[in-house]
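Take a look at the letters that make up each chain.
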Amino acid sequence: MNITTIIDGDSLNMVFSNSMNKIRIKNNKKDQIIDCVPISSNSYSLIINGKTYYLTITPKAGGYEVTVNNHTHFVEIKDKLDLLLEKYG
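**Student:** Would you take a moment to explain the confidence of the model for the protein chain for this structure?
**Tutor:** Detailed reading of predicted coordinates is not advised where the pLDDT is low. Averaged over every residue, the pLDDT of the protein chain is 79; residues scoring 70 or more account for 81%. By mean pLDDT, strand S3 (residues 22-26) is the weakest element of the protein chain at 69, and strand S6 (residues 51-60) is the strongest at 90.

Right, here's the structure in full:
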């Protein structure tokens, strides 16, 4: 699955493996592979560059509230159609 996210105004392209245990993050600065282990239905353990992060995802209107190690961000999800509509109005 390939989606584009807007996190604190920054756009990231995310590619999820079929098993959801690997996430590839691409932006203009870097290209990373993240190991992802589900803990519960909305919580995950992520390993990024040898460091572990705990992630909780809560659905909200217009996106998701994502908490990473006690820091909460609002994440807006856009698919290709949303991006085209935004670009061309």
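**Student:** Can you walk me through the pairing of strand S7 (residues 63-68) in this structure?
**Tutor:** Working note: regular strand, side chains alternate between the two faces of the sheet. By the bridge criterion, six bridges tie S6 to S7 in an arrangement that is antiparallel. Looking across to S7, one finds that Lys60 is bridged to Gly63. Connecting S6 to the antiparallel partner S7 that follows it, the hairpin turn spans two residues, and Gly62 within it adopts a positive phi of roughly 80°.

**Student:** Any chance you could explain unusual backbone geometry here in plain terms?
**Tutor:** What is expected of a backbone is that most residues other than glycine have negative phi and most peptide bonds are trans. For Asn69, which is not glycine, the phi torsion reads 45° and is therefore positive. As for its position among the elements, Asn69 is in the loop between S7 and strand S8 (71-78). One non-glycine residue, Asn70, adopts positive backbone phi at about 70°. Relative to the helices and strands, Asn70 is located in the loop between S7 and S8. Overall, the relative accessible area of 75% leaves Asn70 in the exposed class.

**Student:** I tried to follow the environment of Ser40 on my own but got confused; where do I start?
**Tutor:** The topology assignment puts Ser40 in the loop between strand S4 (31-38) and strand S5 (43-48). For the pair Ser40 and Thr56, spaced 16 residues apart in the sequence, the C-alpha separation amounts to 9.1 Å.

**Student:** Looking at this structure, how should I read the side chain of Ser43?
**Tutor:** Among the secondary structure elements, Ser43 is positioned in strand S5. Setting aside residues up to four positions removed in sequence, Ser43 forms contacts with Pro38, Leu55 and Thr56.

**Student:** Even after reading the chapter, I still don't get the nonpolar core, so can you show me in this structure?
**Tutor:** The nonpolar side chains of soluble globular proteins are, as a tendency, buried together. By size, the foremost hydrophobic cluster in this structure holds nine residues: Met14, Ile23, Ile34, Cys36, Leu46, Ile48, Leu55, Val66 and Val75. Those elements giving two or more residues to this core turn out to be S4 and S5.

**Student:** I would appreciate a short explanation of helix H1 (residues 80-88) in the present structure.
**Tutor:** Three or four residues apart is the spacing at which side chains of an α-helix point the same way, because the helix has 3.6 residues per turn. With zero of nine residues buried, H1 lies mostly on the surface of the structure. Gly89 sits one or two positions beyond H1 and adopts a positive phi of about 70°.

**Student:** Sorry if this is basic, but what is going on with the pairing of S6 here?
**Tutor:** Pairing of S5 with S6, which is carried by six bridges, proceeds in the antiparallel orientation. Opposite Ile47, over in S6, you have Thr52 as the bridge partner. Following S5, the chain reverses through two residues before pairing antiparallel with S6; Asn49 in that reversal takes a positive phi of roughly 50°.

The rules behind each value
Residues numbered from 1 in each chain as written. Predicted model: local features only at pLDDT ≥ 70, side-chain atom pairs only at ≥ 80, totals over all residues. Heavy atoms only, no water. pLDDT = per-residue confidence, 0-100. Helix = DSSP H or I, 4+ residues; strand = E, 2+ residues; numbered from the N terminus. Pairing = 2+ DSSP bridges. Buried < 20%, exposed > 50% of the residue type's maximum accessible area, 1.4 Å probe, protein only. Contact = heavy atoms within 4.5 Å. Core = buried A, V, L, I, M, F, W, Y, C linked by side-chain atoms within 4.5 Å.

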